Structures are given as structure tokens and as C-alpha cells.
Amino acid sequence: MQLLQKPIKSIAACALFLVFIYTTAQSLAQTKDVSRDYSQSYSRLNVTNISQSRNSHSRRHLLQAAGEEQVEGETDDEDVKPDDPGADMEEVRTCSEGLVLPLWMPQKNISIGDRLIRGFVYFLFLIYLFVGVSIIADRFMASIEAITSIERTVVVRGQNGEKQTMHVRIWNETVANLTLMALGSSAPEILLSVIEIYAKDFESGDLGPGTIVGSAAYNLFMIIAVCMIWIPAGEVRRIRHLRVFIVTAVFSIFAYVWLWLILSVISPGIIEVWEAIVTLLFFPVTVIWAYIAERRLLVYKYMDKNYRVNKRGTVVAGEHDQVEMDAEKARTIVNFQGPRSSDAEAFDEARREYITVLSELRQKYPEADLEQLEMMTQEQMISRGSKSRAFYRIQATRKMVGSGNLMRKIQERAHSDLTEVKAQLHPTDDDYDDQPTRIYFEPGHYTVMENCGEFEVRVVRRGDISNYSTVEFETQDGTASAGTDYVGKRGVLNFPPGVDEQRFKIEVIDDDIFEEDECFYIRLFNPSESVFLTVPQIATIMILDDDHAGIFAFTESNFEISESVGLYEIHVMRYSGARGTVIVPYWTEDDTAVAGRDYEMARGELVFENNDTQQIITIPILEQSSYEKDVSLKVHIGEPRLAPDSAHYPQIQEVEQKSPKDLTELDRILLLSKPRNGELTTTHVRIRESQEFKATVDKLVAKANVSAVLGTSSWREQFKDALTVVPADESEFDGDDDVEEEVPGCFNYISHFICLFWKVLFAFVPPTDICGGYVTFVVSIFVIGVITAVIGDAASYFGCALNIKDSVTAILFVALGTSIPDTFASMIAAKHDEGADNCIGNVTGSNAVNVFLGIGLAWSIAAIYHMSHGMTFNVEPGTIGFAVGLFCGEALIAVALIMFRRWKKSIGAELGGPTFSKYVSAAILMFLWVFYVVICILEAYDIIRV
């Protein structure tokens, strides 16, 4: 395939180069023939140039439409005699002052060499302007993405009937693509048409309409041809929303048919007000019709407010047919009224996809912790999903100008999203710094041995600690009594400014009498002004008797844990004594949980040393990253026994060998001191899904939105991005984590420094986070208008220097310059998107919008202006009319070829497919474009006459 790509690219480049050489040679040859008479006739031509240019389209219109001999006679009288040097000089253009860009003086006695140099300089300047307008157009697209990403909150029902709050985009995707997105990608062409009307005193020109028609031809033929062969081998791309494509394709062809009708049939050479306004009104008609087709409003009587979660994790409205693609990939959404709504099903599908990606990454990176895996999953969710036209357009431009790959910003965004979600789930102490002063025990429960002597109690102060605070404390009896089991105490704790804790000691009284465990309490009361007592404001102190081996039991009969806990620790408590070394066996048992799948089986013995009051059973819990899980297991402890090295083990062994009749009172007390089990010798451990993980999934799925990656939040971020050189490595886009991070190469640095002026200049444009992107939208479109005005002047001077007509300049150069970013964007979309909508669907939509909005708006302004002055707005059909007619015929062939490829079983898709068929199809489309350009140029120079 690579062997065939190079010849096709070379043939297309050679054809374009030959066309340029031929055009320039023809123009310069005419210049050379009359150069000897140029000085004598320059002044006369300079005076009459404007009147001749304005009358030329009128003469042609009168000759074509009226055909009256009287008119022909009048025009003959106005013509210069053949032997007049000025007759030949009508073919030599003289440059008129532009709207913004000053003329390159002098204009007299210019040699062929001077013209070539000026043409070359203007050509380089045009390329630089195209780069600039491409960069600011991407800022414009980012603002549009921010505007169309505005959301509102809806409530849907989950799988179990519970209500879920979801965020839904207000803008319908089809409407957004055909309005703001199309405006963003076609803004230079549209503004060029409008600005040219104003620059020519509301007279028609060839540059604006020619650019729109030439851009439409390039987009339909060349971009689709390149995308066909750009698809990786063995892969295909189908249009998902076929009905929308059919509507936009029909309207894109109808747009140029309508142009031909109003130029050459309805009112030849004259654009009436109603014609211009109707042309403009076809724009909303196209949008509404596509919306009706997408929502199937002609099929369903009432409009359903159904929503779905697209692969970017964004809930969007109105996609009844989510995809129209291969049967094995199609996922049909059935709309029905029931307890389970389709939007909730779609949200669950997005969550299941998140879990699947997380499981894949867990297997690939078994040593990574959960937080790293969640961040990587968030990256994958954004990078795998289908993206908007704005994403691919900005991605292509960033690569061309050395700003790097957008996937780097996706990594940063994923890390930011995860940090934000974790912060919401785990509030820090800093969140409470501004709250009122609070005082409480920390911890609220103490367990001490009877022989400990004394222990320390800790009281903390939180919140505002800048003031002086006091609080009183006192002990209160429970089962333990002051004076017998402990020494009662009462006092005041003082907290100077800046001090956040105080400690005091309580004394415990030891005795040699065996008794049950006892407890008492310490209470905080009477805080100073503006101080609040919070839980725990009462501390519980448990006194364990040290004259008994102890009673062993679990603390709870049931534990509920998260599967993400890793190693779960179950405490076995020793109370009513802590004397001697005791061994307690333990083991796990399956219930609904299965050892080896949900947890690892544990069996062993716990050793309680003398005065130890608790030991821990550790159970490894196996995490499956389940969104919903509910299984359980049992943990048992066996009969405790004294260790042989225990101090009173020999005495107990000796007493146990006596008969009950021979036991003395001391023997009975000694036997009572043996270790034994309490009531809770079995506990149930319930393993549930991680609530934090579940909440994290829900929040990250909602945040998995590419639109947030395209925008900027501050001027600092914009200037940092403008001054940073980043490699445009494909490995990041493909998600290949095994490839080491690349460093910027020579091309990255060259393109960065060439475009540095534009980058820094456009960094002053307000960030998209300001006012939801509307400020960026207004400023960007104003800057695009200014640069487009300069492009119009430079293109006119370029054609004038090389004696190339504006219609040829527009079709051959300006149209290509404005369409190159779209070419690279479509190539990236073709390779990485699952469907062909961003490659083909947007081409037809943009072509229709360009005519209805670009030409319709400009001609409406001019027609209304002329009508208000009692005149008519005259537009010579000329090359534009011929180009429109030729394009309509070729467009029908191109659309038919696209549909043939879709319905042909051996191909089955618009893009990609078998190597031979896709190269043949691409060659046909390339031939159509080359043929279109060549024929239009030949007609413009009257080499062929129509």
C-alpha cells in the first residue's frame, strides 16, 4: 500500500504544479508581448481600469442575455481598435489599492523578473497568513466547542429504579455540527466573501465566491480521496448517521444548482434581493431538515426527549439511531416506555465500558495502584471515544505548528479530573479551617490494663485556633468506681492561641482480686465563649483485669467491607483479663464468596502475649473492580489454650489432673482464670463494591469530555502553551504506553519558531472559560475577519503580480490554503475515529453552509444596498457560473461513488476496504478535482468557450 501511496501523491502534486506553471506562463507571455507599449498606455489604462472592469460583466451579460444588435453595436463602438496598443493591454492587470494591505510600489515599468519576485513574496506571505488564520480558527473552534458543551441537569431512573442525576448537553449534535462547527471550519471562506463585497463598494468579485466553490471541490474530491487511502489496511469506516449525510449531500449539491439558476437562468447576470435572501434562508432550512432527519420527526409523531451517553462520556440529546454501521458493531437502542429508560441504560453502558478498560489496564499493569489505574482509565475513556470535528481540527493544527499532541492535554485533564473527584470524596482538614472552634476527645475510647498505673488522655481543638479557649473535664463512674478502681479527677484545660491539643493523666488502681472488666467515663463541659463541643465529647475508658487469662471474641458479628480494601484486618479482642500467653486458632470459610476468586483463604494461630489485649486476623481481599458486588465469607476462632511457656501453665495443668472432689477454693479460682471463648466466635465478612470506586466511576464518566481538553482556563496557560515546543508523537495518540516519551525534533522547533508570532499574538485572546466561551467566540471571529481581509488583499496582489485572474487565484490557491487544515484534520479523524462522519459528513455539511451562509449573506448585503440606491446588483456569471455547473455534475459522480462503495458487499464502507478498490476510488476523485481545476482555468482564459 505504501508503494502505491507515493505515486498517487506524486501524480497529484505534479498535476497541480503543471497547472500552476501553465497558468503563470500564459499570463506572463501576454505581459511580455505588450511590455514595450506599457509605458505609453499605463496612464490611460490606470484611469479607465475601474470603469472597464465594471462594464466588462455588463457587456458579457448583455451579449449572452439580450443578443440585440443595437447593444452589440454600442459595445463595439466602446471597444478599442485592434491596432491600438491599449487593446492588447486589456489583458495586463494593474493592481488596485486593497482594503488593508498597501500596494507594493512602483507599479510602472515592471519587468517579468520583478513580477516573479513579487509573486513569490506574496505567495510566501499568503502561506504565512493561512497558518495564522488556521491557528486563530482553532481558538474559534475551541470557543464553539465550549459553547455547544453547555449542559443542563436531568433526572433519570437507574437499573433498580433509583433516580440518577445526569448532565445533558443542550445543543443537539447535528445542529451544532451544521451551525457553529461548520462556521468554525469555514469562517475564513465566509468572511472573505463578505469582506470582498465591502472592499469593492458592494460590487461583486471573483475571489470570495471562487474560494467557496474551489474549497467545496477540494473538500469533496481531494479530502475524501485522501481519507479513503489513509485508512489502515484491513479497516473500514462507515457513515453512522446516514440520514443526516443524505440530507446534507442533497443540500450541498442543491446549493450549487441554486447558484447556477440565479446566475444564469432566473435573472442572468443580476442578483435580485429575493434571490439573495432565499439563498441565505436555505441555511436554516438545511439545519432544520437535517435535525428532522436525525430525530426521525417525520416517522415519530411526537418528539421524544431521550438521551444517550456517547463514547466521550457526555450525555447528548436526540441520537435515536446511535450508529448505522456494520452489523457486528451496531448497537440498536430501542425506545420504549418502561421502568428502565434508555438514557439510564446508556449511562450504565458507559460505566461498564469504564470497568472493562480498568480491568484491562489492571491485567497489563498488575503493580500499579488503583489511583494510577483510574487516571489511565480516564485517559483511555477520552482517547478511545469518538470526538468532534473541532478536536481533529485543533489536533491537526497543533501538530503542524509544533504545539504537540492534544493527547498530552488529555493526560493532564485526566489527572486533574481524578484529583478533583478524590478531593470531593475525601475532604481535607483545610476545608474546616474557617469553621468555628471545636473541642473533642481524640480518640474517644481507651483500653488500659489494671496494672498500667496511669494513662494519658488527649483533647484536641480544631477550626479557628487563633483565640484563647478553655474547657472543663471530669470523670464519671460506670461499672468502675472512683477510689476503688481509679482516681477521680476534675479540672480545666487551657488552649492558648495557636495550641491545638492538651493532655492530662488518669490513675488506675490495681488489686489482686479477679473481677470482670470495668469502665468509667470522662466528660467535657462548660466550654468558653464561641467554642463548641463535638462528638466525642465523652471518652470511654475500659479497665481490663490482669488476673485472668482472658475471654476471646470478635468485636462484631458482621463486617461490611469494600473489595478495594486489599488486606482486611479483623480484630480479635481479649477482655476480662490479659494474664499469660494464649494461643487462639482461626480459619476462613466460604459462604457466597469463593476463596481464590473473592479472597485468599486464611488459616493460622493468634498468639496473645502477656498483657496483649488484641490481635489481628489479616484476610487478603481480591479486587475485581466490580461496579456492583455483594458476597460474604465466614471467619472462625477456635478454642483458646495457654501457651506452654505461660507463667501459671504448670499450675493449671496440675489442678486439671485433680478430681473435682479434691479441688480447693483456690484451685477453682485458678481454673476460672483459664482462657475461654466469648459469644462471638464466628463473624461474617460482607464484601461489597467500593463506594468510593463507584462514586469515582460515576464522576469520571461524567467528566470524560473532550470539549474540556480543547479549551483553556487562563492566559497563563495560553502563553505557556504558545511558548512551549512539544513533539507531535503518534504513540500518545495511539495509546501505546510502552513507547518512551519523545523529545521535540528539528521539524518541531522549526515549525514552532515560524509560527511563534501567531502563537504569542493569539495567546492574548480571552480563555474559553470566561463567560462560557462567548468572549473567545467574539474576539476570535473579529481577528479572523481582519486576517481574512489581509488574505483577500494579498491574494489579489499575488494574482495581479503574475497576471492571474481572481477566479483562478481563488480556486487554485486560496481555496487550497483555507482547506489544508481540514485535510489533516480529516486524515486524523479517518485513522482514529470509528465512523466516517467527521471525514465525509462534515464535508457535505460545510459545502452547503458555505454557499447559503457565505455567498447568501454577502449577496444579500450587496443586493439590499443596491436596491436602496435604486440600482441592481450585477454579478457576471463568467467563470463562477461555469465552475458551479461543472462542480454540480462532478459532485453527483462523487456522491454516487461514495454510495456505491457503501452498498457494495465486497467493500461495505465509504472509506477504506480492499486495497485495489480504495485506490481506484481515490484516483477517480483526484481526477475529478484535477479535471475541475484545469477546465475552470481554461475557461477563465477563454481557451475553451462555453
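Summary of the structure given here. (Residues numbered from 1 in each chain as written. Predicted model: local features only at pLDDT ≥ 70, side-chain atom pairs only at ≥ 80, totals over all residues. Heavy atoms only, no water.)

### Quick look at the overall build of the protein chain
- Across its full length, the protein chain holds 26 helices and 27 strands.
- With 946 residues in all, the protein chain has 53% of them scored as buried.
- Expressed as a percentage of contacts within the protein chain between residues at least 6 apart in sequence, the contacts between residues at least 24 apart total 78%.
- Within the structure as shown, the protein chain displays about 42,900 Å² of accessible surface, and the carbon and sulfur contribution to it stands at 58%. (Helix = DSSP H or I, 4+ residues; strand = E, 2+ residues; numbered from the N terminus. Buried < 20%, exposed > 50% of the residue type's maximum accessible area, 1.4 Å probe, protein only. Contact = heavy atoms within 4.5 Å. Areas by Shrake-Rupley, 256 points an atom, 1.4 Å probe, with all protein chains shown as cover.)

### A word on the pattern of salt bridges
- In total, this model carries 16 salt bridges according to the counting rule given.
- Ionic pairing is found between Arg503 and Glu501, a salt bridge with its closest N-O pair at 3.0 Å.
- The salt bridge partner of Asp598 is Arg597, with a shortest N-O separation of 2.9 Å.
- Residue class for Asp598 comes out buried when judged on its relative accessible area of 2%.
- Classification of Arg597 by relative accessible area gives partly exposed; the value is 41%.
- Look at the salt bridges and you will find they share partners, linking Glu442, Glu456, Arg458, Arg462, Asp500, Glu501 and Arg503 into a network. (Salt bridge = Lys/Arg side-chain N within 4 Å of Asp/Glu carboxyl O.)

### Focus on unusual backbone geometry
- With an omega of 5°, the peptide bond between Glu442 and Pro443 qualifies as cis.
- Relative to the helices and strands, Pro443 resides in the loop between β7 (437–441) and β8 (445–449).
- The residue Asn526 is not glycine, and still its phi comes out positive at about 50°.
- Assignment of secondary structure puts Asn526 in the loop between β13 (518–525) and β14 (531–533).
- The exposure class of Asn526 is partly exposed, given its relative accessible area of 45%.
- Although it is not a glycine, Ser530 adopts a positive phi angle of roughly 70°.

### Looking at helix α20 (residues 746–754)
- Taken together, the buried positions of α20 are Asn748, Ser751 and His752. Looking straight down α20, one finds that the buried residues subtend no more than 105° of arc, so they occupy a single side. Across α20 from its buried face, at more than 90 degrees, point the exposed residues Cys746 and Phe753. (Arc of directions from axis to C-beta.)

### Section: the packing of helix α22 (residues 774–801) against helix α23 (residues 806–832)
- As a packed pair, α22 and α23 sit with axes 10 Å apart at the nearest point and diverge in direction by 115°. Comparing the axis directions of α22 and α23 gives the class roughly perpendicular. Both α22 and α23 take part in a crossing whose hand is right-handed. Contacts between α22 and α23 involve Ala795, Ser796, Phe798 and Gly799 from the first element and Asp806, Thr809, Phe813 and Val814 from the second.
- Residue composition of the contact of α22 with α23, grouped by class: four nonpolar, three polar and one charged. (Axes fitted to C-alpha atoms, helices over the stretch in contact; angles between N-to-C directions. Parallel < 35°, antiparallel > 145°, perpendicular 65-115°, else oblique. Left-handed = near helix turned anticlockwise from the far one by under 90°. Nonpolar A, V, L, I, M, F, W, Y, C, P; charged D, E, K, R; others polar.)

### Focus on the packing of aromatic side chains
- Tallying each qualifying case throughout the model produces 31 aromatic pairs.
- With centroids separated by 3.8 Å and ring planes inclined at 5°, the aromatic side chains of Tyr486 and Phe520 adopt a geometry described as stacked. You can see Tyr486 sitting in the loop between β10 (469–477) and β11 (490–495) and its partner Phe520 sitting in strand β13, a full 34 residues away along the chain. Side by side, Tyr486 and Phe520 carry an identical accessibility label, which is buried.
- Ring geometry for Trp758 and Phe762: centres 5.5 Å apart, planes at 20°, overall stacked. Placement of both Trp758 and Phe762 in helix α21 (residues 756–762) is noted, with a separation of four residues, approximately one turn of the helix.
- Of the residues examined, Trp758 reaches a relative accessible area of 6% and is grouped as buried.
- Using a relative accessible area of 3% as the deciding quantity, one classes Phe762 as buried.
- Among the aromatic residues, those joined into a cluster by ring pairs are Phe251, Phe254, Trp258, Trp274, Phe282, Trp289 and Phe852.
- Directly above the aromatic system of Tyr941 lies the positively charged group of Lys805, at a separation of 5.6 Å from the ring centroid. (Phe/Tyr/Trp six-rings, centres within 6.5 Å; stacked < 30°, edge-to-face > 60°. Lys NZ or Arg CZ within 6 Å of the ring centre and 35° of its normal.)

### Describing the sheet that holds β10
- Spatially, the five strands line up as an open sheet ordered β8-β15-β13-β10-β11, and their pairing is mixed. Each edge of the open sheet carries a strand with a single partner, namely β8 and β11. Neighbour to neighbour, the strand axes of the sheet diverge by 25° on average, direction disregarded.
- Taken together, the five bridges between β8 and strand β15 (residues 538–544) define a ladder with parallel strand orientation. Looking at β15, one finds that Tyr446 is bridged to Ile541. (Pairing = 2+ DSSP bridges.)

### Points about the sheet that holds strand β24 (residues 676–677)
- The mixed open sheet is built from four strands, whose spatial order is β21-β18-β16-β24. The open sheet terminates on both sides in strands that have one partner only, identified here as β21 (614–620) and β24.
- Pairing between strand β16 (residues 551–554) and β24: two bridges, direction parallel. Across the sheet, residue Ile551 finds its bridge partner in β24, namely Arg676.

### Quick notes on the nonpolar core
- Counting residues in hydrophobic clusters, the biggest one holds 148 residues, and the most contacted among them are Tyr256, Trp859 and Tyr932.
- The element best represented in this core is helix α7 (residues 207–230), accounting for 15 residues.
- If we skip the residues at most four places from it in the chain, Trp859 touches Ile197, Pro209, Leu259, Ile262, Leu263, Ile271, Ala276, Phe873 and Val875.
- By size, the runner-up hydrophobic cluster in this structure holds 27 residues, among which are Phe552, Phe608, Ile619 and Ile652. (Core = buried A, V, L, I, M, F, W, Y, C linked by side-chain atoms within 4.5 Å.)

### A few points about the side chain of Asn850
- Mapped onto the elements, Asn850 comes out in helix α24 (residues 837–868).
- Exposure remark for Asn850: the relative accessible area of 1% places this residue in the buried category.
- Every residue in contact with Asn850, bar those within four places of it in the chain, is listed here: Ser186, Ile190, Ile212 and Ile855.

### Some points on the packing of helix α6 (residues 173–199) against α22
- Here α6 crosses α22 at 40°, and the two axes come no closer than 8 Å. For the element pair α6 / α22, the angle class is oblique. The chirality of how α6 crosses α22 is right-handed. Within the contact between the two elements, α6 uses Leu180, Leu183, Ala187, Pro188, Leu191, Leu192 and Ile195 and α22 uses Phe777, Ile781, Ile784, Gly785, Thr788, Ala789 and Gly792.

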